[in-house]
Structure formats: C-alpha cells, structure tokens
Amino acid sequence: MALLLQPLIGDNETWLKPLRQLLPGEDIRIWPNVGNAEDIEFAAVMRLPDGKLAEFPSLRMICSLLAGQDILLSDPGLPDVPIVRTDDQEGSESMTTTVLVHVLRHYCQLPQYAAMQARGGWERLPHRWKKDTNVGFLGLGLFGAGAARRIAHEGFNVMGWSRTTKNVEGVTSFSGPQGLMEMLRKTHILVNLLPLTPETRGMVNREVLGALPKGASLINLGRGAHLRASDLYWALDEGILSHATLDVFEVEPPPPGERAWTDPRITLTPHVARLEYDIESTVLHIAKAINAIRGGQSLQGLVDRRRGY
Ligand code: NAP
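Residues numbered from 1 in each chain as written. Predicted model: local features only at pLDDT ≥ 70, side-chain atom pairs only at ≥ 80, totals over all residues. Heavy atoms only, no water.

Asker: Just checking my understanding: could you explain the overall build of the chain for this structure?
Answerer: A count of helical and extended segments in the chain gives nine helices and twelve strands. For the chain, the C-alpha radius of gyration of 21 Å lies close to 19 Å, the compact-globule estimate for 309 residues. The C-alpha extent of the chain, read off along each of the three principal axes, is 65 × 45 × 30 Å. Looking at the 309 residues of the chain, the share that counts as buried comes to 51%. Sequence-distant contacts in the chain: of pairs separated by 6 or more residues, those separated by 24 or more amount to 60%. Taken as a whole, the chain presents about 14,900 Å² of accessible surface, with 52% of it coming from carbon and sulfur. Charged side chains in the chain number 32 positive and 35 negative. The centres of these two groups are separated by 6 Å. (Helix = DSSP H or I, 4+ residues; strand = E, 2+ residues; numbered from the N terminus. Rg over C-alpha atoms; globule rule 2.2 N^0.38 Å. Buried < 20%, exposed > 50% of the residue type's maximum accessible area, 1.4 Å probe, protein only. Contact = heavy atoms within 4.5 Å. Areas by Shrake-Rupley, 256 points an atom, 1.4 Å probe, with all protein chains shown as cover. Lys, Arg positive; Asp, Glu negative; His and termini not counted. Charge placed at Lys NZ, Arg CZ, Asp CG, Glu CD.)

Asker: Sorry if this is basic, but what is going on with the packing of helix H1 (residues 12-22) against helix H9 (residues 279-294) here?
Answerer: Helix packing geometry: the angle between the two helix axes and the distance between the axes. Running from N to C, H1 and H9 cross one another at 40°; their axes reach a closest spacing of 9 Å. Overall, the two elements H1 and H9 adopt an arrangement that is oblique. Crossing of H1 over H9 shows right-handed handedness. Two secondary-structure elements touch here, H1 through Thr14, Trp15, Pro18, Leu19 and Leu22 and H9 through Ile279, Thr282, Val283, Leu284, Ile286 and Ala287. Grouping the constituent residues of the contact of H1 with H9 by class yields nine nonpolar, two polar and no charged. (Axes fitted to C-alpha atoms, helices over the stretch in contact; angles between N-to-C directions. Parallel < 35°, antiparallel > 145°, perpendicular 65-115°, else oblique. Left-handed = near helix turned anticlockwise from the far one by under 90°. Nonpolar A, V, L, I, M, F, W, Y, C, P; charged D, E, K, R; others polar.)

Asker: What is the right way to read the pairing of strand E11 (residues 241-246) from this model?
Answerer: Consecutive side chains along a regular strand alternate between the two faces of the sheet. Most of E11 is tucked away: five of the six residues are buried. Relative to E11, strand E10 (residues 216-220) runs parallel, the two sharing five bridges. Paired with Ala216 across the strands is Leu241, a residue of E11. In this structure, E11 lies alongside strand E12 (residues 266-268), joined through three bridges in parallel fashion. In the strand pairing of E12, Ala244 is matched with Ile266. (Pairing = 2+ DSSP bridges.)

Asker: Could you clarify how one ought to interpret the site of the ligand in this entry?
Answerer: The local shell around the ligand holds 29 residues, among which Arg85, Phe143, Thr164, Lys166 and Tyr309 are the closest. At 2.8 Å, a side-chain N or O of Asp247 approaches a nitrogen atom of the ligand. The separation between an oxygen atom of the ligand and a polar side-chain atom of Tyr309 is 2.5 Å. Elements with a contribution of two residues or more to the shell around the ligand: helix H5 (142-153) and strand E7 (157-162). Among the elements that line the shell around the ligand, the one with the most residues is H5, at three residues. Looking at the shell around the ligand residue by residue, the class counts come to 13 nonpolar, nine polar and seven charged. (Near = heavy atom within 4 Å. Polar contact = N/O pair within 3.5 Å; in protein donor to acceptor, adjacent residues only side chain to side chain.)

Asker: Would you explain the environment of Gly136 in this entry?
Answerer: Checked against the element boundaries, Gly136 lands in strand E6 (residues 134-138). The class for Gly136 is buried, based on a relative accessible area of 0%. For Gly136 and Gly160, which are 24 residues apart along the polypeptide, the C-alpha to C-alpha distance reads 5.4 Å. Residues in contact with Gly136, not counting those within four places in the same chain, are Met159, Met183, Thr187, Ile189, Leu190 and Val191.

Asker: Honestly, the nonpolar core in this entry has me stumped. Any pointers?
Answerer: Counting 31 residues, the largest nonpolar core has Leu218 and Leu232 as the members making the most contacts within it. Looking at which element gives the most residues to this core, the answer is helix H8 (residues 229-237), with five residues. Those residues within four positions of Leu218 in sequence are excluded, and the remaining contacts are His106, Leu190, Val204, Leu209, Leu227, Leu232, Leu241, His243, Ala244 and Thr245. (Core = buried A, V, L, I, M, F, W, Y, C linked by side-chain atoms within 4.5 Å.)

Asker: Sorry if this is basic, but what is going on with unusual backbone geometry here?
Answerer: Where the residue is not glycine, phi is negative for most of them; where a peptide bond is considered, it is trans in most cases. The peptide bond linking Trp31 to Pro32 adopts the cis configuration, its omega dihedral lying at 10°. Cis rather than trans, the peptide bond between Glu252 and Pro253 has omega equal to -10°. Position of Pro253 relative to the elements: it lies in the loop between E11 and E12. Of note, Gln109 is a non-glycine position whose phi angle comes to about 60°, a positive value. By the secondary structure assignment, Gln109 is in the loop between helix H3 (89-107) and helix H4 (110-118). Here His271, not a glycine, exhibits a phi torsion of approximately 55°, which is positive. Note on placement: His271 falls in the loop between E12 and H9. A relative accessible area of 36% places His271 in the partly exposed class.

Pasting the structure below:
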C-alpha cells in the first residue's frame, strides 16, 4: 500500500527526507506518478483534479495540505474518507504577525497618511487610544484565536465571533446572528479569518459592513469570496470603511482595471498572510495521522465536511 503525496511547495526531496524517517518503508508516490491506483491507501494533497481521489479504491484517509478546506471540498467526487488538517502552530504564528502588522497599520492610520502624502498633504488626524479601539474578529479558529489573543495582549479591546462561544484569553466572545451584529456595531477594525463554506460565502456583505461604525477599517485575510468587491466599494463610498486591506480577492489576482488596484483606500497583498509554510511540521502531522489510523487510534484535526471546515 502507498501514500500519494502532492508536494505543495519546495522540491520533492524536502518532503521525502523527513517522511522516510518518520514512516520507514512506506511506499511514497509523488503526484502525478500514481502507479497502480489500487495501492493508494493515503493521500496528502492540496487538490487533485475533480474525481481523481475517487479513483483510488483502497483510500482510507486524505491529509489536507492547505489551511482552508474549501478548495479540497470543492471536488464533487471527493470520496467519503476522513480528511485531516495538517496545519501547524508555526503557520498560525506567521498569520498572527501579519494580523498584528495590519492592525497596527490601521490603528496608526498609516494608509490615510500615505494617501495624504501622495496628495502633498500634511495634517494630523484625530486619534484613539488602543484601549478604546475595538478589534473584531470573524472566526476564532486556529488562526483567528491565535491572532486575537496577541492583539488583546497588545492592549486593544478585542472581540471575536464564531459558531460556538469561545474562551480565548482577553477576547470577548460572540456567536449567533445577534452576537454578530452586537460585535460589529462596536468594531473599529474588522479582521476576517472565517473559513469559506456555503454559510460564509459572501457573508461580509452590505448588511455586515453597514453595521460597522463610520470610518471603520477591514482586514480580509480569509477568502476573497467572503466579500463581494461591489459591497466593499459601496462601503468605502458611503464612508463606512475608511480603508480596507485585502490579502485575498474574489478573483486572484484581481483583473486589470479592477478598482482595487488603484483606490488609495485599498491595500492589496497577494495572498501571503500566512507568511511561511513549515514542511517538516506538515510531514509530522501526516505521519501522525497515518500511524493513528494504522494503530486504530482516533484522528486529530478532522475536517467536518457538513460544516465545510
Ligand atoms: P478554523 O480553525 O477552521 O476556524 C474557523 C473559525 O470560524 C472557527 O472559530 C469557527 O467557529 C468559525 N466559523 C466557521 N463557520 C462559521 C459560521 N458560519 N458562523 C460563525 N463562525 C463560523 O480555520 P482557520 O484554520 O483559523 O483558518 C481560517 C481561514 O483562514 C481558512 O479557512 C482560510 O480561508 C484562511 N487562511 C488564509 C490564509 C492567507 O494566506 N490569506 C492562510 C491561511 C488560512 P467554531 O470554532 O465555533 O466552529
């Protein structure tokens, strides 16, 4: 039996070397060199072409190599085997750094001062203390909770919204539709770290943005499809949003001529919020999951297909 691996980044050897140490004797096949499809027992992949995973009759488990599960789950022929996340704490730490940088940048109104400089302007804008600045997180999962905790530690007033209420140090937890509106009404800086699911697609819409106090700012690090560009432009034009930082966009990269490229109230980064990808840690998760399944133990980090994350 064999493990099919689709290396996400780096060369094959960077994955194979630690995998061979952790799983001695394992037959590891590198996508697309599958060999006999009946041999494939485990697949550690980002996303194979539609229906491909269904062609492996002996498949027992999929290790998902991407942080968001939407891409893997969009395979209409995805076989009914457990899917295990392989995210690492280091990835979460990188994301926390990105969130911190963007929150501080918005807090210090650096985008507004950069736009002012471009116009040849020189004017002090009114300012808020950190303790009076409310940062709201959509999503308090691996990435959201880690970042929210850090932002709270920095002295901001932090809130977070999730499906279930959470106990994250220094973070006021909200859930449900009412909880969402309650949080949004107080939020000066909104950070989106929701997964993309049928429920959350297009969720950062006019209703959500419209509930923010005037002059709020948005940092979207989740998925582009959470936010329709037309709703974003509306919120900027209405003065609801003073600035938006987007690491993700509906179509990546945004098409030429898209307003987001040139609007001084929008900062674009090319889907780089999770600064680093730790292959060694991912490989450790893959080996742990394979050993667990072979040893008849329960699997950690299972993806809930029904919820979509
Ligand atoms: P996660 O651990 O699965 O956590 C998801 C969070 O969202 C949980 O707190 C969950 O609530 C909440 N949630 C999900 N659906 C909800 C709903 N309908 N209503 C309210 N709350 C809901 O996700 P993660 O690992 O932190 O990652 C979040 C997302 O970040 C990924 O899916 C990906 O899209 C994005 N991401 C982006 C980058 C980048 O480079 N830009 C990198 C990595 C990840 P419960 O905990 O109560 O279930």
